[in-house]
Amino acid sequence: MSAAALATIRDTIRRRSGIAMAADKDYLVTSRLEPLLGQLGVPHLAALADKLALQPDGQTATAVVDALTTNETLWFRDGRPFDLVRDTILPTIVGGASAPRDLSIWSAACSTGQEPYSLAILMAEQRARLAGCRVRIVGTDISATALARAREARYSQFEMQRGLTIQRLIQHFTKDGLDWRLKPELRAMVELHQANLLALPPLGPFDIVMCRNVLIYFDVPTKRAVLSGIAARTKPGGWLLLGAAETTIGLTTAFQAEPGQSGLYRRLS
Ligand SMILES: C[S@@+](CC[C@H](N)C(=O)[O-])C[C@H]1O[C@@H](n2cnc3c(N)ncnc32)[C@H](O)[C@@H]1O
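Residues numbered from 1 in each chain as written. Predicted model: local features only at pLDDT ≥ 70, side-chain atom pairs only at ≥ 80, totals over all residues. Heavy atoms only, no water.

Digging into the overall build of the chain
We apply this condition: Per the convention used, a helix needs a DSSP run of H or I reaching at least four residues, while a strand needs a run of E reaching at least two, with both numbered from the N terminus. Note that the radius of gyration is over C-alpha atoms, with the globule rule given as 2.2 Å times the number of residues to the power 0.38. Only heavy atoms enter the contact rule, under which two residues are in contact if any of them lie within 4.5 Å. Areas reported as accessible are Shrake-Rupley estimates using a 1.4 Å probe. Residue values count occlusion only from the protein chains shown.
A count of helices and strands for the chain gives 12 helices and 10 strands. Scaling as 2.2 N^0.38, a compact globule of 269 residues should have a C-alpha radius of gyration of about 18 Å, and the chain matches this with 20 Å. In the chain, of all internal contacts separated by at least 6 residues, the share reaching a separation of at least 24 is 73%. Surface exposure of the chain reaches about 12500 Å², of which carbon and sulfur atoms provide 54%.

Next comes the structure, spelled out in structure tokens:
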């Protein structure tokens, strides 16, 4: 496989999704794409690169991007962001004299659903505080494959063991063969849509945005553009939670880091 062909594939991925893959990740490109060649109607990776060069915005490019996304996720990932929602953010939103009628939350790279559904579980647990408040949770992702799994809301025993307490498992899931399925009332709390952070549709504005463990894949200009798109969809005074290795600092002035609360940012009014 020529260096030029690999460069064409990397360029397609970067242009379409923002995911910047260095040449030392070529093993990932080949190992993920080779099993798909038959399905993509090409005999080898060089032919795939030729097809991408001819049709950079076609269905093949969409399938290539989908195959190269990293959908690693788990329930209540890192714990602390969800504690921040419960203990720091919710009191500011619903604790005042005039609690809002609506609360909107966006999981902006929701992968197979564990993040927005963890938020739904958290909101169900906070039902008493949220009485009279209509909660809307939106999950978006670029990957149609990950979203199909999120819509199904069916998880293996292994996936269930990653971050869910036994109490939450028993309360919110039912056994379905070897898998577990989230109960319908929790599924109904989450809307799922395919959306590219590089070309966001009109969404929101939201009170709370979780955009976690995706900025890490982007170069600096892409991070800036994505954060600007998120800022435009966050209410003034609304909250942004990023992943442990991510920050807004040096990338946007639309958000201010919340002192003493790493990973938490507030949209300036
Ligand atoms: C590592 S997962 C993170 C999932 C979840 N936020 C978490 O922290 O557990 C990264 C997700 O970002 C998505 N993604 C990558 N590039 C994207 C883009 N340009 N627009 C929307 N989603 C994207 C991938 O499909 C993947 O599901």
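Let's talk about the environment of Gln 157
With respect to the secondary-structure elements, Gln 157 resides in helix H9 (residues 157-160). For Gln 157 and Leu 178, which are 21 residues apart along the polypeptide, the C-alpha to C-alpha distance reads 7.2 Å. With residues up to four places along the chain from it excluded, the contact list for Gln 157 reads Lys 175, Leu 178 and Trp 180.

Topic: the sheet that holds strand S6 (residues 190-194)
Here is the rule we go by: In this description, strands pair whenever DSSP reports at least two bridges between them. Note on geometry: axes are lines fitted to C-alpha atoms, helical ones only across the stretch in contact, with angles between N-to-C directions running from 0 to 180 degrees.
Spatial ordering of the open sheet is given by S6-S2-S1-S7-S8-S10-S9, a layout of 7 strands whose pairing is mixed. Where the open sheet ends on each side, the last strands, each with one partner, are S6 and strand S9 (255-257). Adjacent strand axes in the sheet meet at a mean angle of 20°, parallel and antiparallel pairs treated alike. Sheet topology places strand S1 (residues 102-107) next to strand S7 (residues 206-211); 3 bridges connect them, and they run parallel. Across the sheet, residue Ser 107 finds its bridge partner in S7, namely Met 210. Helix H8 (residues 144-152) rests against strand S2 (134-141) and S6 of the sheet, and its axis sits at about 160° to S6.

Topic: the sheet that holds strand S4 (residues 173-176)
Spatial ordering of the open sheet is given by S3-S5-S4, a layout of 3 strands whose pairing is antiparallel. The open sheet has two edge strands with one neighbour each: strand S3 (154-155) and S4. As judged from the 2 bridges shared by S3 and strand S5 (residues 179-182), these two strands associate in the antiparallel manner. Its bridge partner being in S5, Arg 154 is matched across the sheet by Arg 181.

Looking at helix H5 (residues 59-68)
Basically, it comes down to this: Partly exposed describes any residue whose relative accessible area lies between the buried limit of under 20% and the exposed limit of over 50%, with all areas from a 1.4 Å probe on protein chains only and scaled to the type maximum.
Judged by how many residues are buried, H5 sits mostly within the fold: 7 of 10 residues are covered. Within the span of H5, buried status applies to Thr 60, Ala 61, Val 64, Val 65, Asp 66, Ala 67 and Leu 68. Looking at the buried residues of H5, the elements they touch are helix H1 (3-17), helix H2 (26-33), helix H3 (37-40), helix H4 (45-54) and H8.

What about the domain arrangement of the chain?
Reports of interface size often rely on the accessible area that becomes lost once the parts have come together. Stated formally: As annotated, the domain borders come from an automatic or database domain assignment. Note on definitions: buried area is the accessible-area loss of two parts on being combined, 1.4 Å probe, summed for both.
Partitioning the chain into structural domains gives domain 1 (3-68) and domain 2 (80-267). Centre-to-centre, using C-alpha coordinates, domain 1 lies 30 Å away from domain 2. Across the contact, 9 residues belong to domain 1 and 10 residues belong to domain 2. Interface area for domain 1 against domain 2, summed over the two sides, is near 630 Å², with a carbon-plus-sulfur share of 51%. When the buried area of domain 1 at its contact with domain 2 is split by residue, Ser 17, Gly 18 and Asp 66 rank highest and sum to 53% of it.

A look at unusual backbone geometry
Across the junction of Gly 204 and Pro 205, the peptide omega takes the value 10°, indicating a cis bond. Locating Pro 205 in the fold gives a position in the loop between S6 and S7. Even without glycine at this site, Asp 78 takes up a positive phi of about 70°. Structurally, the position occupied by Asp 78 is in the loop between H5 and helix H6 (80-94). Asp 78 sits in the partly exposed class, given a relative accessible area of 48%. Even without being glycine, Ala 153 reaches a positive phi, approximately 55°.

A word on the packing of aromatic side chains
Note the cut-off: Each Phe, Tyr or Trp ring (for Trp, its six-membered ring) is paired with any other whose centre lies within 6.5 Å, and the angle between the two planes then decides the class: stacked below 30 degrees, edge-to-face above 60, tilted in between.
Throughout the structure, instances matching the rule amount to 4 aromatic pairs. Residues Trp 75 and Tyr 155 carry aromatic rings whose centres are separated by 5.0 Å and whose planes lie at 80° to one another, so their mutual orientation is edge-to-face. Highlighted residues: Trp 75 in the loop between H5 and H6 and Tyr 155 in strand S3, separated in sequence by 80 residues. Among the residues examined, Trp 75 registers a relative accessible area of 0% and is labelled buried. Of the residues examined, Tyr 155 reaches a relative accessible area of 0% and is grouped as buried. An angle of 85° between the planes, with centres 5.3 Å apart, marks the rings of Trp 75 and Phe 173 as edge-to-face.

Some words on the packing of H1 against H5
Our working definition: Any angle from 65 to 115 degrees is called roughly perpendicular, while one under 35 is roughly parallel, one over 145 is roughly antiparallel, and all others are oblique. Any residue that is not Ala, Val, Leu, Ile, Met, Phe, Trp, Tyr, Cys, Pro, Asp, Glu, Lys or Arg is counted as polar, Gly included; the first ten are nonpolar and the last four charged.
It is at 10 Å that the axes of H1 and H5 come closest, and there the two elements cross at 90°. Put simply, H1 runs roughly perpendicular to H5. Every residue of H5 that contacts H1 at Ile 9, Thr 12, Ile 13, Arg 16 and Ser 17 is listed here: Ala 61, Thr 62, Val 64, Val 65 and Leu 68. Of the residues assigned to the contact of H1 with H5, the class counts are 6 nonpolar, 3 polar and 1 charged.

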